[in-house]
Amino acid sequence: GQQLNQSPQSMFIQEGEDVSMNCTSSSIFNTWLWYKQDPGEGPVLLIALYKAGELTSNGRLTAQFGITRKDSFLNISASIPSDVGIYFCAGQGLQGAQKLVFGQGTRLTINP
Amino acid sequence: NAGVTQTPKFRVLKTGQSMTLLCAQDMNHEYMYWYRQDPGMGLRLIHYSVGEGTTAKGEVPDGYNVSRLKKQNFLLGLESAAPSQTSVYFCASSYGLAGGPEPRTQYFGPGTRLLVL
């Protein structure tokens, strides 16, 4: 089946630093989504990207939909303690059931 | 709106026992999904439904059955639980092709932690 490669798998940073993570795929997707998961909770949508080349911001978060439609990145600027969690990318097809294919996740740890 | 809710939150089963996980959404979403999450593997799709009365297999359907008798509910059943089914189960829903403000966005429930001994 389709797979997404998400990197890095984990990050240990100091508060205030910027963060960058990315996802690549062997398949084309029509939508890229970035979710954050806190411990014991379900994933919460951060940013949705619908067009190749699209660059979208949500506060300190910025994400881009790659031109080839096979990759996406997420940047977090000036990290704060509440940014701690696991970040997942997900690719979505346009047709049918619009199923999501998830990356393995990036675990973010922040040292105050 | 409560969004997507799941019951129970946590359950321990013995091998061979059966159980049903319930997912409910109050957003009038057309599509519903069941995922499982295992360490280091992200979320994998078990079964999904594109409307009331319809279900389909996802990536890892073996050992599970589902039913969508009402639009707002999506049930996941384990007929004979196995230790390999120890996982965290998430339900999600979306407007899907029926439209809505964000047709493709999937909203997730808080999860059900299942331990099979």
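If you're wondering where the values come from, they're calculated on a predicted model, not measured in any experiment. (Residues numbered from 1 in each chain as written. Chains lettered and ligands numbered in written order. Predicted model: local features only at pLDDT ≥ 70, side-chain atom pairs only at ≥ 80, totals over all residues. Heavy atoms only, no water.)

Caption draft 1: Representation of the overall build of chain B. Assigned secondary structure in chain B consists of zero helices and eleven strands. Counting from the amino terminus, chain B carries its helices and strands in the arrangement β-β-β-β-β-β-β-β-β-β-β. Against the 2.2 N^0.38 benchmark of 13 Å for 117 residues, chain B shows a C-alpha radius of gyration of 14 Å, consistent with a compact globule. Overall, the C-alpha framework of chain B stretches about 45 × 30 × 25 Å when taken along its three principal axes. Each of the 117 residues in chain B was classed as buried or not, and the buried ones make up 47%. When contacts within chain B are restricted to residue pairs at least 6 apart in sequence, those whose partners lie at least 24 apart make up 56%. Of the accessible surface of chain B, which amounts to about 5400 Å², a share of 54% is contributed by carbon and sulfur atoms. In chain B, 11 side chains carry a positive charge and 8 a negative one; their mean positions are 6 Å apart. (Helix = DSSP H or I, 4+ residues; strand = E, 2+ residues; numbered from the N terminus. Rg over C-alpha atoms; globule rule 2.2 N^0.38 Å. Buried < 20%, exposed > 50% of the residue type's maximum accessible area, 1.4 Å probe, protein only. Contact = heavy atoms within 4.5 Å. Areas by Shrake-Rupley, 256 points an atom, 1.4 Å probe, with all protein chains shown as cover. Lys, Arg positive; Asp, Glu negative; His and termini not counted. Charge placed at Lys NZ, Arg CZ, Asp CG, Glu CD.)

Caption draft 2: Examining the environment of glycine 51 of chain B more closely. All names here are of chain B. Position of glycine 51 relative to the elements: it lies in strand β5 (residues 43-51). Glycine 51 gets classed as buried once you look at its relative accessible area, which sits at 5%. Glycine 51 has contacts with Glu30 and Arg68, leaving out every residue within four places of it along the chain.

Caption draft 3: Region of the structure containing the interface of chain B and chain A. If you look at the interface, chain B gives 23 residues, while chain A gives 21 residues. Summing the contributions of chain B and of chain A, the shared interface buries around 1800 Å²; its carbon and sulfur component is 54%. When the area that chain B buries against chain A is broken down by residue, the three leading residues are Leu43, Arg104 and Phe108 of chain B, summing to 34%. Linking chain B to chain A there are zero salt bridges. (Buried area = accessible area lost by both parts, 1.4 Å probe. Salt bridge = Lys/Arg side-chain N within 4 Å of Asp/Glu carboxyl O.)

Caption draft 4: Main features of the confidence of the model for chain B. Mean pLDDT for chain B: 92, with 93% of residues reaching 70 or above. At the low end of the mean pLDDT range in chain B sits strand β10 (residues 107-108) of chain B, at 92; at the high end sits strand β8 (residues 73-78) of chain B, at 98. (pLDDT = per-residue confidence, 0-100.)

Caption draft 5: Geometry of the sheet that holds strand β3 (residues 19-25) of chain B. Residues and elements named next belong to chain B. Across the sheet, four strands lie side by side as β1-β3-β8-β7; this open sheet has antiparallel pairing. Two strands bound the open sheet, and with one partner strand each, they are β1 (4-7) and β7 (65-67). Neighbour-to-neighbour, the strand axes of this sheet turn through a mean angle of 20°, independent of strand direction. Bridging between β3 and β8 involves six bridges; their strand directions are antiparallel. Of the residues in β8, the one forming a bridge with cysteine 23 is phenylalanine 74. (Pairing = 2+ DSSP bridges. Axes fitted to C-alpha atoms, helices over the stretch in contact; angles between N-to-C directions.)

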